[in-house]
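# Topology and contacts: notes
The residues making up each chain are set out below.
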2 protein chains.
Amino acid sequence: MDTISFDEWKKIEMKVGKIMKVERVPDTDKLYKLQVDIGVAEPIQIVTSLVPYYKEEELQDRKIVVLVNLEPAKFAGETSEGMLLCAENEDEDKCVLLSVEKDIEPGTPIT
Amino acid sequence: MDTISFDEWKKIEMKVGKIMKVERVPDTDKLYKLQVDIGVAEPIQIVTSLVPYYKEEELQDRKIVVLVNLEPAKFAGETSEGMLLCAENEDEDKCVLLSVEKDIEPGTPIT
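No experiment lies behind these values; they were computed from the predicted model shown. (Residues numbered from 1 in each chain as written. Chains lettered and ligands numbered in written order. Predicted model: local features only at pLDDT ≥ 70, side-chain atom pairs only at ≥ 80, totals over all residues. Heavy atoms only, no water.)

Two copies of a chain can be linked by a rotation about an axis combined with a shift along that same axis. Overlaying chain A with chain B gives an RMSD of 0.0 Å, the required rotation being 180 degrees about an axis along which the chain moves by 0.0 Å. Both chain copies can therefore be described as sitting about a two-fold axis. Among all residues of chain A, the minimum C-alpha distance to the rotation axis is found for Ser99 of chain A, at 2.6 Å. A share of 100% of the interface residues of chain A reappears at the interface of chain B, consistent with the copies meeting face to face through the same patch. (Least-squares fit on C-alpha atoms with pLDDT ≥ 70 in both. Contact = heavy atoms within 4.5 Å.)

Below is the structure:
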(Lines give C-alpha, C1' and ligand atoms only; values in the text may rest on other atoms or scores of the structure.)
Protein backbone atom coordinates (compact mmCIF):
# COMPACT_ATOMS: atom_id res chain seq x y z
CA MET A 1 0.00 0.00 0.00
CA ASP A 2 1.50 3.35 -1.04
CA THR A 3 1.32 6.16 1.47
CA ILE A 4 -0.09 9.53 0.46
CA SER A 5 0.86 12.92 1.84
CA PHE A 6 -1.56 15.27 3.55
CA ASP A 7 -1.30 17.58 0.50
CA GLU A 8 -2.43 14.78 -1.81
CA TRP A 9 -5.34 14.07 0.52
CA LYS A 10 -6.37 17.76 0.58
CA LYS A 11 -6.86 17.73 -3.21
CA ILE A 12 -9.81 15.39 -2.76
CA GLU A 13 -13.12 17.22 -2.28
CA MET A 14 -15.98 15.21 -0.85
CA LYS A 15 -19.33 16.54 0.30
CA VAL A 16 -22.61 15.37 1.72
CA GLY A 17 -25.16 15.10 -1.10
CA LYS A 18 -28.90 14.53 -1.21
CA ILE A 19 -30.44 12.57 -4.08
CA MET A 20 -33.23 14.74 -5.55
CA LYS A 21 -34.17 12.67 -8.61
CA VAL A 22 -33.55 9.10 -9.79
CA GLU A 23 -33.91 7.80 -13.36
CA ARG A 24 -32.74 4.68 -15.17
CA VAL A 25 -30.36 5.27 -18.08
CA PRO A 26 -32.21 3.76 -21.08
CA ASP A 27 -30.75 0.66 -22.75
CA THR A 28 -28.39 -0.11 -19.86
CA ASP A 29 -28.67 -2.85 -17.24
CA LYS A 30 -27.05 -1.19 -14.25
CA LEU A 31 -27.03 2.57 -14.61
CA TYR A 32 -28.98 5.21 -12.75
CA LYS A 33 -28.78 8.90 -13.56
CA LEU A 34 -29.15 10.92 -10.37
CA GLN A 35 -29.63 14.63 -9.71
CA VAL A 36 -27.78 15.35 -6.47
CA ASP A 37 -27.97 18.47 -4.29
CA ILE A 38 -24.45 19.28 -3.08
CA GLY A 39 -25.34 22.63 -1.55
CA VAL A 40 -24.83 24.78 -4.63
CA ALA A 41 -27.43 26.48 -6.87
CA GLU A 42 -28.04 23.55 -9.21
CA PRO A 43 -27.93 19.81 -8.54
CA ILE A 44 -25.13 17.90 -10.25
CA GLN A 45 -25.71 14.79 -12.35
CA ILE A 46 -24.15 11.52 -11.27
CA VAL A 47 -24.26 8.31 -13.29
CA THR A 48 -23.81 5.22 -11.15
CA SER A 49 -24.14 1.46 -11.54
CA LEU A 50 -26.31 0.87 -8.48
CA VAL A 51 -29.30 -0.79 -10.19
CA PRO A 52 -28.38 -4.29 -8.89
CA TYR A 53 -28.15 -3.00 -5.31
CA TYR A 54 -30.73 -0.26 -4.74
CA LYS A 55 -34.28 0.35 -5.92
CA GLU A 56 -35.20 3.81 -7.16
CA GLU A 57 -37.35 4.49 -4.08
CA GLU A 58 -34.47 3.54 -1.77
CA LEU A 59 -32.30 6.21 -3.39
CA GLN A 60 -34.83 9.05 -3.59
CA ASP A 61 -34.05 11.72 -0.92
CA ARG A 62 -31.16 9.71 0.53
CA LYS A 63 -28.12 11.49 1.99
CA ILE A 64 -24.93 10.18 0.43
CA VAL A 65 -21.23 11.03 0.19
CA VAL A 66 -20.02 12.44 -3.12
CA LEU A 67 -16.56 12.98 -4.58
CA VAL A 68 -17.27 16.35 -6.22
CA ASN A 69 -14.04 17.32 -7.98
CA LEU A 70 -13.33 14.26 -10.11
CA GLU A 71 -12.93 15.15 -13.79
CA PRO A 72 -16.31 14.57 -15.52
CA ALA A 73 -16.77 11.29 -17.39
CA LYS A 74 -19.35 9.92 -19.83
CA PHE A 75 -21.22 6.66 -19.38
CA ALA A 76 -23.69 5.46 -22.02
CA GLY A 77 -23.73 8.98 -23.42
CA GLU A 78 -24.59 10.63 -20.07
CA THR A 79 -22.19 12.96 -18.29
CA SER A 80 -21.32 12.17 -14.67
CA GLU A 81 -20.12 15.20 -12.70
CA GLY A 82 -19.13 13.34 -9.57
CA MET A 83 -18.97 9.93 -7.95
CA LEU A 84 -20.91 8.60 -5.01
CA LEU A 85 -19.05 6.48 -2.50
CA CYS A 86 -19.83 2.91 -1.48
CA ALA A 87 -18.26 0.18 0.59
CA GLU A 88 -17.89 -2.62 -1.92
CA ASN A 89 -17.17 -6.30 -1.33
CA GLU A 90 -16.70 -7.75 -4.80
CA ASP A 91 -16.36 -11.35 -3.58
CA GLU A 92 -19.81 -11.25 -2.00
CA ASP A 93 -21.26 -8.87 -4.62
CA LYS A 94 -22.25 -6.39 -1.91
CA CYS A 95 -22.34 -2.63 -2.32
CA VAL A 96 -23.41 -0.37 0.56
CA LEU A 97 -23.67 3.41 0.29
CA LEU A 98 -21.73 5.63 2.63
CA SER A 99 -23.88 7.95 4.72
CA VAL A 100 -23.70 10.29 7.69
CA GLU A 101 -24.62 8.89 11.07
CA LYS A 102 -26.66 12.00 12.00
CA ASP A 103 -28.52 14.29 9.64
CA ILE A 104 -26.53 17.22 8.25
CA GLU A 105 -27.11 19.62 5.33
CA PRO A 106 -26.19 18.83 1.72
CA GLY A 107 -22.93 20.55 0.80
CA THR A 108 -21.27 19.93 4.16
CA PRO A 109 -17.60 19.14 3.44
CA ILE A 110 -16.04 15.81 4.44
CA THR A 111 -12.85 16.31 6.42
CA MET B 1 -12.21 23.99 -7.16
CA ASP B 2 -9.39 22.05 -8.85
CA THR B 3 -10.34 18.89 -10.67
CA ILE B 4 -8.51 15.65 -9.92
CA SER B 5 -7.87 12.77 -12.29
CA PHE B 6 -9.10 9.24 -11.73
CA ASP B 7 -5.47 8.18 -11.10
CA GLU B 8 -5.15 10.74 -8.28
CA TRP B 9 -8.39 9.45 -6.78
CA LYS B 10 -7.18 5.82 -6.96
CA LYS B 11 -4.20 6.65 -4.72
CA ILE B 12 -6.61 7.26 -1.84
CA GLU B 13 -7.34 4.13 0.20
CA MET B 14 -10.40 4.23 2.44
CA LYS B 15 -11.92 1.32 4.30
CA VAL B 16 -14.73 0.52 6.67
CA GLY B 17 -13.38 0.42 10.23
CA LYS B 18 -14.81 -0.69 13.55
CA ILE B 19 -13.79 1.10 16.75
CA MET B 20 -12.58 -1.58 19.19
CA LYS B 21 -11.23 0.61 22.01
CA VAL B 22 -11.60 4.26 23.03
CA GLU B 23 -9.30 6.20 25.39
CA ARG B 24 -8.76 9.88 26.12
CA VAL B 25 -5.27 11.18 25.40
CA PRO B 26 -4.05 12.47 28.79
CA ASP B 27 -3.49 16.23 29.21
CA THR B 28 -5.45 17.13 26.07
CA ASP B 29 -8.92 18.67 25.77
CA LYS B 30 -10.15 17.14 22.55
CA LEU B 31 -8.20 14.01 21.68
CA TYR B 32 -9.25 10.40 21.70
CA LYS B 33 -6.91 7.53 20.93
CA LEU B 34 -8.83 4.77 19.14
CA GLN B 35 -7.93 1.20 18.22
CA VAL B 36 -9.68 0.51 14.94
CA ASP B 37 -10.20 -2.83 13.20
CA ILE B 38 -9.66 -2.33 9.45
CA GLY B 39 -9.78 -6.02 8.55
CA VAL B 40 -6.10 -6.80 9.05
CA ALA B 41 -4.40 -8.79 11.83
CA GLU B 42 -3.91 -5.90 14.27
CA PRO B 43 -6.08 -2.83 14.86
CA ILE B 44 -4.53 0.49 13.85
CA GLN B 45 -4.31 3.47 16.20
CA ILE B 46 -6.10 6.68 15.24
CA VAL B 47 -5.85 9.93 17.17
CA THR B 48 -8.84 12.19 16.60
CA SER B 49 -10.25 15.40 18.10
CA LEU B 50 -13.79 14.14 18.59
CA VAL B 51 -14.11 14.72 22.35
CA PRO B 52 -16.41 17.77 21.89
CA TYR B 53 -18.75 15.80 19.62
CA TYR B 54 -18.91 12.18 20.76
CA LYS B 55 -18.87 10.43 24.13
CA GLU B 56 -16.65 7.39 24.55
CA GLU B 57 -19.65 5.04 24.67
CA GLU B 58 -21.01 6.49 21.42
CA LEU B 59 -17.76 5.57 19.68
CA GLN B 60 -17.23 2.10 21.11
CA ASP B 61 -18.02 -0.59 18.46
CA ARG B 62 -19.12 2.00 15.90
CA LYS B 63 -18.54 1.38 12.18
CA ILE B 64 -16.71 4.32 10.63
CA VAL B 65 -14.88 5.26 7.43
CA VAL B 66 -11.09 5.47 7.62
CA LEU B 67 -8.45 6.89 5.31
CA VAL B 68 -5.86 4.14 5.77
CA ASN B 69 -2.86 5.18 3.67
CA LEU B 70 -2.18 8.69 4.94
CA GLU B 71 1.40 9.08 6.14
CA PRO B 72 1.43 8.59 9.94
CA ALA B 73 1.41 11.71 12.11
CA LYS B 74 1.98 12.44 15.81
CA PHE B 75 -0.47 14.29 18.03
CA ALA B 76 0.38 14.97 21.67
CA GLY B 77 3.06 12.30 21.44
CA GLU B 78 0.70 9.63 20.09
CA THR B 79 1.03 8.18 16.61
CA SER B 80 -2.02 8.26 14.36
CA GLU B 81 -1.93 5.64 11.61
CA GLY B 82 -5.02 6.84 9.75
CA MET B 83 -7.80 9.38 9.76
CA LEU B 84 -11.49 8.89 10.32
CA LEU B 85 -13.86 10.84 8.13
CA CYS B 86 -16.52 13.30 9.26
CA ALA B 87 -18.91 15.78 7.70
CA GLU B 88 -17.88 19.01 9.36
CA ASN B 89 -19.74 22.31 9.46
CA GLU B 90 -17.31 24.70 11.13
CA ASP B 91 -19.78 27.63 11.23
CA GLU B 92 -22.22 25.62 13.32
CA ASP B 93 -19.52 23.65 15.15
CA LYS B 94 -21.03 20.37 14.00
CA CYS B 95 -19.09 17.20 13.25
CA VAL B 96 -20.87 14.02 12.15
CA LEU B 97 -19.10 10.73 11.47
CA LEU B 98 -19.43 9.02 8.13
CA SER B 99 -20.88 5.55 8.28
CA VAL B 100 -22.29 2.81 6.07
CA GLU B 101 -26.02 2.69 5.58
CA LYS B 102 -26.14 -1.11 5.99
CA ASP B 103 -23.81 -3.23 8.07
CA ILE B 104 -20.71 -4.54 6.30
CA GLU B 105 -17.43 -6.06 7.53
CA PRO B 106 -14.45 -4.00 8.72
CA GLY B 107 -11.83 -3.81 5.99
CA THR B 108 -14.33 -3.47 3.15
CA PRO B 109 -12.81 -1.01 0.66
CA ILE B 110 -14.56 2.24 -0.23
CA THR B 111 -14.91 2.69 -3.99
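The subject of this paragraph is the interface of chain A and chain B. Taken together, the contact between chain A and chain B spans 44 residues of the former and 44 residues of the latter. Here chain A meets chain B over a buried area of about 3900 Å², counting both sides, of which 60% is carbon and sulfur. The interface formed by chain A and chain B contains 6 salt bridges. Seen at the junction of chain A and chain B, the total is 25 residue pairs in polar contact (both at pLDDT 80 or more). Secondary-structure elements contributing two or more residues to the side of chain A that touches chain B are α1 (6-10), β1 (14-24), β4 (63-67), β7 (83-84), β8 (86-89) and β9 (94-100) of chain A. With 6 residues, the single largest contributor to the side of chain A that touches chain B is β9 of chain A. In the side of chain A that touches chain B, the residues fall into 24 nonpolar, 7 polar and 13 charged. Alignment of β9 of chain A against strand β9 (residues 94-100) of chain B, held across 3 bridges, turns out to be antiparallel. Paired with Ser99 of chain A across the two strands is Ser99 of chain B, which belongs to β9 of chain B. (Buried area = accessible area lost by both parts, 1.4 Å probe. Salt bridge = Lys/Arg side-chain N within 4 Å of Asp/Glu carboxyl O. Polar contact = N/O pair within 3.5 Å; in protein donor to acceptor, adjacent residues only side chain to side chain. Helix = DSSP H or I, 4+ residues; strand = E, 2+ residues; numbered from the N terminus. Nonpolar A, V, L, I, M, F, W, Y, C, P; charged D, E, K, R; others polar. Pairing = 2+ DSSP bridges.)

Residues and elements named next belong to chain B. Taken together, the 5 strands give an open sheet; going across it, the order is β3-β2-β1-β4-β7, and neighbouring strands pair in antiparallel fashion. Of all the strands in the sheet, just β3 (44-48) and β7 (83-84) have a single pairing partner and so form its edges. As paired strands, strand β1 (residues 14-24) and strand β2 (residues 32-37) are joined by 6 bridges and run antiparallel to one another. Residue pairing for β2: Lys18 is matched across the bridge by Asp37.

With that out of the way, let us pick up the state of the cysteines. Residue and element names in this part refer to chain B. Taken as a whole and judged by the stated rule, the model has 0 disulfides over all chains. This cysteine, Cys86, is not joined by any disulfide, and Cys95 carries the nearest cysteine sulfur, 3.3 Å off. Cys86 gets classed as buried once you look at its relative accessible area, which sits at 5%. Its relative accessible area of 9% is what places Cys95 among the buried residues. (Disulfide = S-S within 2.5 Å. Buried < 20%, exposed > 50% of the residue type's maximum accessible area, 1.4 Å probe, protein only.)

Turning our eyes to something else, we now look at the pattern of salt bridges. Applying the stated criterion to the full structure yields 14 salt bridges over all chains. One salt bridge connects Glu92 of chain A with Lys94 of chain A, and the closest N-O pair in it is separated by 3.8 Å. For Lys94 of chain A, a relative accessible area of 30% gives the class partly exposed. Two residues, Arg62 of chain B and Glu101 of chain A, come together in a salt bridge whose shortest N-O distance is 3.4 Å. In this pair, Arg62 of chain B is assigned in the loop between α2 (56-59) and β4 (63-67) and Glu101 of chain A in the segment after β9, connecting two distinct chains. The class for Arg62 of chain B is partly exposed, based on a relative accessible area of 23%.

It is worth spelling out the UniProt feature "domain: TRNA-binding" (unreviewed entry) in chain A at this point. If you check UniProt for "domain: TRNA-binding" (unreviewed entry), the listed places come out as residues 8-111 of chain A in our numbering. Secondary structure within residues 8-111 of chain A divides into 7% helix and 44% strand; the distance between the first and last C-alpha atoms comes to 13 Å. (UniProt positions renumbered as here; feature names shortened; annotations may be inferred.)

Let's shift gears to the nonpolar core. Counting 70 residues, the largest nonpolar core has Trp9, Met14 and Leu85 of chain A together with Trp9, Met14 and Leu85 of chain B as its most contacted members. Contacts of Trp9 of chain B, omitting those with residues within four sequence positions, involve Ile12, Met14, Leu67, Leu70, Met83 and Leu85 of chain A together with Ile4 and Met14 of chain B. (Core = buried A, V, L, I, M, F, W, Y, C linked by side-chain atoms within 4.5 Å.)

We now examine the environment of Val40 of chain A. Residues and elements named next belong to chain A. With respect to the helices and strands, Val40 occurs in the loop between β2 (32-37) and β3 (44-48). Taking relative accessible area as the criterion, Val40 reaches 46% and is therefore assigned partly exposed. Separated by 29 residues in the primary sequence, Val40 and Asn69 have C-alpha atoms spaced 14 Å apart.

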